[in-house]
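Letter by letter, the chains look like this.
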Amino acid sequence: QVQLVESGGGLVQPGGSLRLSCAVSARASDYAMGWFRQAPGKERQYVASITWSGDNALYEDALRGRFTISRDNAKNMVYLQMNSLKPEDTAVYYCAASRSGYTSLDEYDYWGQGTQVTVSS
């Protein structure tokens with residue numbers, strides 16, 4: 001089984017930035033990767049996804065321009081840069097991996113344990 005371990009979450013003030021990391025236990029280039037988030041009492045929400053090679057990325061429309069997904073396959077790492085953070089960005093953020101695609105939630109086969117991001121004054 002592929003293990004995904006997120007890190008980099010924490011407490012940040014509104015307008016601040018965080019960079020989340022996801023370590024992949026397998027060869028990362030075998031997988032398209034995605035970031036998702038879930039706030040208390042809400043459904044898990046798509047954030048961003050990136051192709052196997054990192055040559056293309058997709059974003060939830062409301063987050064485009066503030067969030068950037070990237071990957072370094074040589075290090076088996078995936079990142080999510082989050083800028084201009086808002087209180088409504090508060091959630092547990094999850095990294096996910098897919099062999100088959102990156103545009104549908106059902107295509108993701110493996111999930112990390114999540115890392116908490118709290119945006120508050």
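Structure: see above.
Draft legend 1. Main features of the overall build of the protein. Scanning the protein for helices and strands turns up 0 helices and 11 strands. The order of helices and strands in the protein, counted from the N terminus, is β-β-β-β-β-β-β-β-β-β-β. Compactness check: the protein gives a C-alpha radius of gyration of 13 Å against a globular reference of 14 Å for 121 residues, within 12% of the reference. By principal-axis analysis of the C-alpha atoms, the protein measures approximately 40 × 30 × 25 Å. Put simply, the protein has 121 residues, and 44% of those count as buried. Sequence separation of at least 24 residues holds for 56% of the intrachain contacts in the protein that already meet a minimum separation of 6. If you sum the accessible surface of the protein, you get close to 6100 Å²; carbon and sulfur atoms cover 45% of it. Considering the protein, the positive charge centre built from 11 side chains and the negative charge centre built from 12 side chains are found 5 Å apart.

Draft legend 2. Structural detail: the pattern of salt bridges. Scanning the model with the defined rule gives 4 salt bridges in all. Notably, a salt bridge pairs Arg27 with Asp30, separated by 2.8 Å at the nearest N-O pair. According to the relative accessible area criterion, Asp30 is partly exposed, its value standing at 26%. Salt bridges linked by common partners bring Arg37, Arg66 and Asp89 together as one network.

Draft legend 3. Quick peek at the nonpolar core. Of all hydrophobic cores here, the largest spans 30 residues; its most connected members are Leu4, Met33, Trp35, Leu80, Met82 and Tyr93. Counting only elements with at least two residues in this core, the list comes to β3 (18–24), β4 (32–38), β5 (45–50), β7 (67–72), β8 (77–82), β9 (91–98) and β11 (115–119).

Draft legend 4. View of the pairing of β8. Counted residue by residue, β8 has 5 buried out of 6 residues, so it is predominantly covered. Examined bridge by bridge, β3 and β8 share 6 bridges and lie antiparallel to one another. Bridging from a neighbouring strand, Ala23 pairs with Met77 of β8. Of the strand pairs in this sheet, β7 and β8 are connected by 6 bridges, and their pairing is antiparallel. Paired with Thr68 across the bridge in β8 is Gln81. Here β7 folds back onto β8 in antiparallel fashion, the turn holding 4 residues, of which Asn76 has a positive phi close to 55°.

Draft legend 5. Structural view of the environment of Val24. Within the element layout of this structure, Val24 appears in strand β3. Accessibility expressed as a relative area gives 7% for Val24, which makes it buried. Beyond its immediate chain neighbours, meaning those up to four positions away, Val24 contacts Val2, Gln3, Leu4, Met33, Asn76 and Val78.

Draft legend 6. Summary view of the side chain of Arg37. Within the secondary structure layout, Arg37 lies in strand β4. A distance of 2.9 Å separates a polar atom in the side chain of Arg37 from a polar atom in the side chain of Asp89. There is a polar contact of 2.9 Å between the side chain of Arg37 and the side chain of Tyr93. Excluding anything up to four places from it in sequence, Arg37 contacts Glu43, Arg44, Gln45, Val47, Leu63, Phe67, Glu88, Asp89, Ala91, Val92 and Tyr93.

Calculation criteria
Residues numbered from 1 in each chain as written. Predicted model: local features only at pLDDT ≥ 70, side-chain atom pairs only at ≥ 80, totals over all residues. Heavy atoms only, no water. Helix = DSSP H or I, 4+ residues; strand = E, 2+ residues; numbered from the N terminus. Rg over C-alpha atoms; globule rule 2.2 N^0.38 Å. Buried < 20%, exposed > 50% of the residue type's maximum accessible area, 1.4 Å probe, protein only. Contact = heavy atoms within 4.5 Å. Areas by Shrake-Rupley, 256 points an atom, 1.4 Å probe, with all protein chains shown as cover. Lys, Arg positive; Asp, Glu negative; His and termini not counted. Charge placed at Lys NZ, Arg CZ, Asp CG, Glu CD. Salt bridge = Lys/Arg side-chain N within 4 Å of Asp/Glu carboxyl O. Core = buried A, V, L, I, M, F, W, Y, C linked by side-chain atoms within 4.5 Å. Pairing = 2+ DSSP bridges. Polar contact = N/O pair within 3.5 Å; in protein donor to acceptor, adjacent residues only side chain to side chain.

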